[in-house]
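The lines below spell out each chain.
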Amino acid sequence: MDFFITLNQTFVLFLLLIIGFVIRKMNIVDAAFSKNLSNLLFNIIMPAMIIYSMNYPFTVERLIQSGWLIVISFAVLIFSAVAGILLFGKIEKDELARNIYEFGMIFSNFGFMGFPIVETLFGREGTFYAAIFNMPIFLAVNSYGIMIIKRGREKSTKMDFRNVINAPIVAVFIGFFLFLFSIELPKPVFMTIEMLAETTTPMSMILAGILLAGGGFLEMFSNAKVYIVSFLRLIVLPLCVLFVMKLFTDDIYMIGIPVIITAMPIAANSSILAEKYDGNAYLGAQCVFISTLLAVITIPIIALLL
């Protein structure tokens, strides 16, 4: 994989985060704007991105590969979750902070940042496989992930499966249905969805920057635990996935998609969902900032190893 192409794409995403930070510091937008923007992303723009990404012609080979990618995705989620619980359950006593660290270990920026990187490296077909691989992650982030973020704010910490029935999950099933039966949407509808989908990346990274602007600039770099979770997220987890996948296959999509999605920085959802459910949104944005800054270098290196 081309190191400099990936480096340029990653750096663009980081600059978008900086734009969000600057416009909040300059009071171009206020604090209430972030809540409204997170709702817009979660309920409209992200579902459009999912449906657009999965609008791909059906073949039996793609269906089989899709099934394996779903299995691999679940395996990576379970491994990441266990690692996060074992590590941060011991070294972090503050529950709201621990929620963010565990969330960051489990969920990479698989949608907002993963899709543009995958498209850069693997083209449109790679984006389709990324959408399939991300299906279990969407399910997990909107059930188990929300449960993690809400811990400490509510009496019950049980998983509420009502959270699963939301706009992104409905979009996953709509997208897979369209793929399975090769249904073509009317052109005006498809063009509208495409235009909305294209706003996902800039809007999500700008939102992360806005949330990050709630604290001081130097404070962003002061938390050592953020560097620990970033190192695990960006280096350890993707290298583990790469090592295991190369034992079983040499298919570029079967190796590349899981590795690249796993190598993404901490999910922007860590701050978006924390804002939505009254968690530690600043720490979430801090984790997004530091891991995205480091990812400018780590993602091209991981891509080079494929």
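Summary of the structure given here. Given the structure is predicted, the values throughout are model-derived calculations rather than measurements.

On to the packing of helix H9 (residues 224–248) against helix H10 (residues 252–262). Taken N-terminus to C-terminus, the directions of H9 and H10 make an angle of 165°; their axes are 8 Å apart at the nearest point. When the interaxial angle is binned, H9 and H10 end up roughly antiparallel. The interaxial crossing formed by H9 with H10 has right-handed handedness. Residues Arg-233, Leu-237, Pro-238, Val-241, Leu-242, Met-245 and Lys-246 of H9 lie in contact with H10, whose contacting residues are Met-254, Ile-255, Pro-258, Val-259 and Thr-262. Partitioned by chemical class, the residues of the contact of H9 with H10 number 9 nonpolar, 1 polar and 2 charged.

Next up on the list: a nonpolar patch on the surface. The grouping of Phe-58, Val-60, Leu-63, Ile-64, Trp-68, Val-71, Phe-177, Leu-180, Phe-181 and Ile-183 at the surface amounts to a nonpolar patch, some 920 Å² of accessible area in total. For Phe-177, the location among the structural elements is in helix H6 (residues 167–180).

What follows concerns helix H4 (residues 95–106). When the terminal C-alpha atoms of H4 are compared, their 16 Å separation across 12 residues agrees well with the 16 Å that a helix rising 1.5 Å per residue should span. With respect to burial, H4 is a largely interior element, 11 of its 12 residues being buried. By the burial criterion, the buried members of H4 are Leu-96, Ala-97, Arg-98, Asn-99, Ile-100, Tyr-101, Glu-102, Phe-103, Gly-104, Met-105 and Ile-106. Contacts made by the buried residues of H4 are with helix H3 (60–91), helix H5 (114–150), H9, helix H11 (269–276) and helix H12 (281–305). For H4, the side-chain oxygen to backbone nitrogen distance between the N-cap and Leu-96 is 3.4 Å, and the N-cap itself is Asp-94.

Another aspect to go through is the nonpolar core. With 108 residues, the main nonpolar core has Phe-107 and Ile-257 as its most contacted residues. Among the elements that take part in this core, H5 stands out by supplying 19 residues, more than any other. In contact with Phe-107, not counting residues within four places along its chain, are Leu-77, Ile-137, Ala-140, Val-141, Gly-145, Arg-233, Ile-266 and Ala-267.

A rise of 1.5 Å per residue sets the reference length of H6, with its 14 residues, at 20 Å; its end C-alpha atoms lie 20 Å apart and thus fit the reference within 8%. All of the buried residues along H6 are Pro-168, Ile-169, Ala-171, Val-172, Gly-175, Leu-178 and Phe-179. Lining the buried residues of H6 we find helix H2 (31–53), H3 and H5. Trailing H6 by a residue or two, Ser-182 shows a phi angle of about 50°, which is positive.

What follows deals with the environment of Glu-92. On the secondary structure map, Glu-92 appears in the loop between H3 and H4. Owing to a relative accessible area of 9%, Glu-92 belongs among the buried residues under this scheme. The contact partners of Glu-92, leaving out residues within four places of it in the chain, are Ala-97, Arg-98, Tyr-101 and Lys-225. Here the side chain of Glu-92 touches Asp-94 through a polar contact of 2.9 Å, landing on its backbone nitrogen.

What follows covers the environment of Ile-165. Tracing the backbone through its elements, the reader meets Ile-165 in the loop between H5 and H6. As a C-alpha pair, Ile-165 and Met-191 span 26 residues in sequence and 26 Å in three-dimensional space.

Most peptide bonds take the trans form, and the phi angle of most residues other than glycine is negative. Although it is not a glycine, Asn-27 sits at a positive phi angle of roughly 60°. Overall, the relative accessible area of 59% leaves Asn-27 in the exposed class. The backbone of Ser-182 sits at a positive phi, close to 50°, despite the residue not being glycine. If you trace the backbone, Ser-182 turns up in the loop between H6 and helix H7 (187–197). Classification of Ser-182 as partly exposed rests on a relative accessible area of 41%.

How each quantity is defined
- Residues numbered from 1 in each chain as written.
- Predicted model: local features only at pLDDT ≥ 70, side-chain atom pairs only at ≥ 80, totals over all residues.
- Heavy atoms only, no water.
- Axes fitted to C-alpha atoms, helices over the stretch in contact; angles between N-to-C directions.
- Helix = DSSP H or I, 4+ residues; strand = E, 2+ residues; numbered from the N terminus.
- Parallel < 35°, antiparallel > 145°, perpendicular 65-115°, else oblique.
- Left-handed = near helix turned anticlockwise from the far one by under 90°.
- Contact = heavy atoms within 4.5 Å.
- Nonpolar A, V, L, I, M, F, W, Y, C, P; charged D, E, K, R; others polar.
- Patch = residues over 30% accessible without salt bridge, like charges linked within 9 Å, V, L, I, M, F, W, Y side chains within 5 Å.
- Areas by Shrake-Rupley, 256 points an atom, 1.4 Å probe, with all protein chains shown as cover.
- Salt bridge = Lys/Arg side-chain N within 4 Å of Asp/Glu carboxyl O.
- Expected span 1.5 Å × (residues − 1).
- Buried < 20%, exposed > 50% of the residue type's maximum accessible area, 1.4 Å probe, protein only.
- Polar contact = N/O pair within 3.5 Å; in protein donor to acceptor, adjacent residues only side chain to side chain.
- Core = buried A, V, L, I, M, F, W, Y, C linked by side-chain atoms within 4.5 Å.

Any functional reading would require information beyond the geometric quantities listed.
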